[in-house]
Amino acid sequence: MARIAKGDDEAFEILVNRHQTSVLNLIYRFIGDRTQAKDLAQEVFLRIWQSAKGYEPKAKFTTWIYRIATNLCLNELKSARHRRWVPFQRSDKESENPVEETFSDGSPTAEDLLLARERSRQVSDALKNLPTNQRMALILKRYDDLSYEEIAQILGCSVPAVESLLVRAKRTLQEKLKSFQK
Amino acid sequence: MTAGFRVCSCLMYYRPIIFGMRHTMKCHHIQRKLSAYQDKELKPREHEEVSRHLLNCHSCREQYEKLERVWQTLGGIQEIRPDPWFYRQLVRKIKEPRERGLLPTIERFFQPLRTPAIASFLLAIGILSGTYLGNILVRRDFFPFQPTQPTYSQEDLFDSLKAFDPAPPGTLAHGYLRIMNYEEREPR
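The model shown is predicted, which means the values in this text are computed figures rather than measured ones.

Caption draft 1: Highlighting the interface of chain A and chain B. Counting residues at the interface gives 34 residues for chain A and 25 residues for chain B. Elements supplying a minimum of two residues to the side of chain A that touches chain B: helix 2 (9-31), helix 3 (34-50), helix 6 (110-128), helix 7 (132-142) and helix 9 (159-176) of chain A. Broken down by element, the side of chain A that touches chain B gets its largest block of residues, eight residues, from helix 2 of chain A. Among the residues forming the side of chain A that touches chain B, the class breakdown is 14 nonpolar, nine polar and eleven charged.

Caption draft 2: Looking closely at the environment of A:Ser164. Here A:Ser164 lies in helix 9. Exposure remark for A:Ser164: the 15 C-beta atoms within 10 Å place this residue in the partly exposed category.

Caption draft 3: Spatial organisation of helix 8 (residues 148-155) of chain A. The element helix 8 of chain A is extensively covered by neighbouring structure, given that seven of its eight residues are classed as buried. Within helix 8 of chain A the residues assigned to the buried category are A:Tyr148, A:Glu150, A:Ile151, A:Ala152, A:Gln153, A:Ile154 and A:Leu155.

Caption draft 4: Quick peek at unusual backbone geometry. One non-glycine residue, A:Asp145, lies in positive phi territory at about 50°. Counting through the fold element by element, A:Asp145 comes out in the loop between helix 7 and helix 8. Classification of A:Asp145 as exposed rests on a count of 10 C-beta atoms within 10 Å. For B:Lys40, which is not glycine, the phi dihedral falls at a positive 55°.

Caption draft 5: Expanded view of helix 7 of chain A. In terms of burial, helix 7 of chain A is largely enclosed, as nine of its eleven residues are buried. Listing the buried residues of helix 7 of chain A in full gives A:Gln134, A:Arg135, A:Met136, A:Ala137, A:Leu138, A:Ile139, A:Leu140, A:Lys141 and A:Arg142.

Definitions and limits used
- Residues numbered from 1 in each chain as written.
- Chains lettered and ligands numbered in written order.
- Predicted model: local features only at pLDDT ≥ 70, side-chain atom pairs only at ≥ 80, totals over all residues.
- Contact = placed C-beta atoms within 7 Å.
- Helix = DSSP H or I, 4+ residues; strand = E, 2+ residues; numbered from the N terminus.
- Nonpolar A, V, L, I, M, F, W, Y, C, P; charged D, E, K, R; others polar.
- Buried ≥ 20, exposed ≤ 12 C-beta atoms within 10 Å, placed from the backbone.

Now the structure itself:
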């Protein structure tokens, strides 16, 4: 960050390459729209560039990045609600272009691809219906494997509050995703 | 002796209830900790306690397995990759500071008002131009061939009142009456 503060482009590129996937996916899982997620991810790095000079390492660097991303997501959701939008929808462009999607099993068949997409859609829908704080806490725990303390720092709440958010989120998802558990 | 026997028999009688309650209470206590246990956020002693309980309690183990299945299902959400030009786009955004700042914010704020503003503007222009053209067209001297106002004499006015007669002049009935009057005045 010290190098970035001095205007070192190379250091900034390394930082972007290191964190872009995690930031992009965090936003995508929260917002649910690919195009919007890409725009917001760029906004996150833009803010990092702009605030590099005033950066003081109080917590882990990833916690700081995730905090910026979380705040942007929450603001976006608020403004989307203000515009009476339904942001958590897959765009047409997204469903037309499955090339970028990755699967854990390497080379999927057409059936696998369809099943995976359907499963992803249902999981996304279940996540979408969670309250914002529960959703973000769950995403940070499940996909980024952050500790309760880190999540608490990102969401600006206490550790017991994070624990409670996660218990409620898991209970709700248990109900919503019953069909997957048979 | 008799009292001791009574206490013993009482304990024997209520033993399943007392132990069952203790068991349920423990399960309730453990199930509240399952989420934190799954997230490996319990203290080592508590973690050990829950692990030991899960080995012996079928109901709690089932609960934990359900939680695990939900956790695995969440892994089914697809991941996206950033575009290869992500960094280049970002650099372009950084190097175009003029586009960022107060002006785009104002523009974004007024964007929803743009269409109604244009519609109102066009409507206002329509009303103003309509009023202006209307004023010009109703002016008398605008048409050079303005028809002259007809003048009516008192005789014409009386004639026009005859239109309300039972047999107004010019009608077949009037003609018939005239012929009859003529024949009556000059008999053959």
